[in-house]
Amino acid sequence: PSSLLNLDGGSSNAFVEIDGSGQYREFEIHESGTRKAYFHHDLTNNLAIVNTVEAVLAFHTGDTENMRLSGANLGIGSTSPSAKLTVVEATSTPAAVLKSGTSSNQNVQLKLLNDNDSGELVFGVFGSAASTFGNITATDGVISSNQELCVNSQNSSGKVKIGIGS
């Protein structure tokens, strides 16, 4: 390609190249004639792609790895994510925080859905001034005030089961 910049790695046959032609802008890393990684920006579709042939993309701050994308699994605080999302926190601070917007009337929720979206489990916390959370209101017998945890089934015939053990 016609390059704007080409930094040759000398005897290792590695180089960095920035291509500036057409609708695409690419930053490529080559070694021994093989493209190892690239950053690609499609100007027409406003799409950025980062690609590596090893299928692992790691984000570091200094020498510390903070996040890793390995195949289709994302690890935060984990160098070997075992699920689509693996979050590991080694201190006594929250590993994840979900927060609604800034309005006191907004609830926050974590929704788990089955394969066809007909079954769901919702974990939620009322906003400080919210009066309802789906089918549950702040005046229901199980909720005594706003800002309490609400675990509910969104179907009148649904059940909520919480268990531990075999």
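Each remark here, short or long, concerns the structure printed above.
Residues numbered from 1 in each chain as written. Predicted model: local features only at pLDDT ≥ 70, side-chain atom pairs only at ≥ 80, totals over all residues. Heavy atoms only, no water.

1. Here's the deal with the overall build of the protein
And then number 1: Helix and strand counts for the protein come out as zero helices and 14 strands.
And then number 2: Expressed as a percentage of the 166 residues in the protein, the buried residues total 18%.
And then number 3: Taking the intrachain contacts of the protein between residues at least 6 apart in sequence as the baseline, contacts between residues at least 24 apart amount to 10%. (Helix = DSSP H or I, 4+ residues; strand = E, 2+ residues; numbered from the N terminus. Buried < 20%, exposed > 50% of the residue type's maximum accessible area, 1.4 Å probe, protein only. Contact = heavy atoms within 4.5 Å.)

2. Here's the deal with the pattern of salt bridges
And then number 1: Counted according to the given criterion, the structure contains one salt bridge.
And then number 2: For Glu-65, the salt bridge is made with Arg-68, and the minimal N-O distance between the two is 2.7 Å. (Salt bridge = Lys/Arg side-chain N within 4 Å of Asp/Glu carboxyl O.)

3. Some thoughts on the side chain of Ser-78
And then number 1: Within the secondary structure, Ser-78 is located in the loop between strand S8 (73-76) and strand S9 (85-87).
And then number 2: At 3.2 Å, the side chain of Ser-78 and the backbone nitrogen of Ser-80 are in polar contact.
And then number 3: Ignoring anything within four residues of it in the chain, the contact list for Ser-78 reads Glu-65, Arg-68, Thr-86 and Val-88. (Polar contact = N/O pair within 3.5 Å; in protein donor to acceptor, adjacent residues only side chain to side chain.)

4. Details of the pairing of S8
Each regular strand displays side chains that alternate between the two surfaces of the sheet.
And then number 1: Of the two faces of S8, only one is covered, namely that formed by Asn-73 and Gly-75; the face formed by Leu-74 and Ile-76 stays uncovered.
And then number 2: Where strand S7 (residues 64-70) lies against S8, four bridges are found, and the strand directions are antiparallel. By the bridge assignment for S8, Ser-70 is matched with Asn-73.
And then number 3: Connecting the antiparallel pair S7 and S8 is a turn made up of two residues, with Gly-71 showing a positive phi of about 65°.
And then number 4: Pairing analysis gives three bridges linking S8 to S9, with the strands arranged parallel. If you follow Gly-75 over to S9, its bridge partner there is Thr-86. (Pairing = 2+ DSSP bridges.)

5. Points about the environment of Phe-126
And then number 1: Its place among the elements puts Phe-126 in the loop between strand S11 (120-125) and strand S12 (132-133).
And then number 2: Counting along the chain gives 21 residues from Phe-126 to Asn-105, while the straight-line C-alpha distance between them is 8.1 Å.

6. A closer look at a nonpolar patch on the surface
And then number 1: Together, Phe-27, Ile-29, Phe-39 and Val-50 give the surface a local cluster of nonpolar side chains, amounting to about 330 Å² of exposed area.
And then number 2: Assignment of secondary structure puts Phe-39 in strand S4 (residues 34-42). (Patch = residues over 30% accessible without salt bridge, like charges linked within 9 Å, V, L, I, M, F, W, Y side chains within 5 Å. Areas by Shrake-Rupley, 256 points an atom, 1.4 Å probe, with all protein chains shown as cover.)

7. Let's talk about unusual backbone geometry
And then number 1: Of note in this structure, Asn-46 is not a glycine but carries a positive phi near 50°.
And then number 2: Topologically, Asn-46 is positioned in the loop between S4 and strand S5 (47-52).

8. Let's talk about the sheet that holds S9
Strand pairing in a sheet takes place through backbone hydrogen bonds and is either antiparallel or parallel in direction.
And then number 1: As summarised here, the arrangement of the four strands in space is S6-S7-S8-S9, forming an open sheet in which the pairing is mixed. Where the open sheet ends on each side, the last strands, each with one partner, are strand S6 (56-61) and S9. The mean angle between the axes of side-by-side strands here comes to 15°, regardless of whether they run parallel or antiparallel. (Axes fitted to C-alpha atoms, helices over the stretch in contact; angles between N-to-C directions.)

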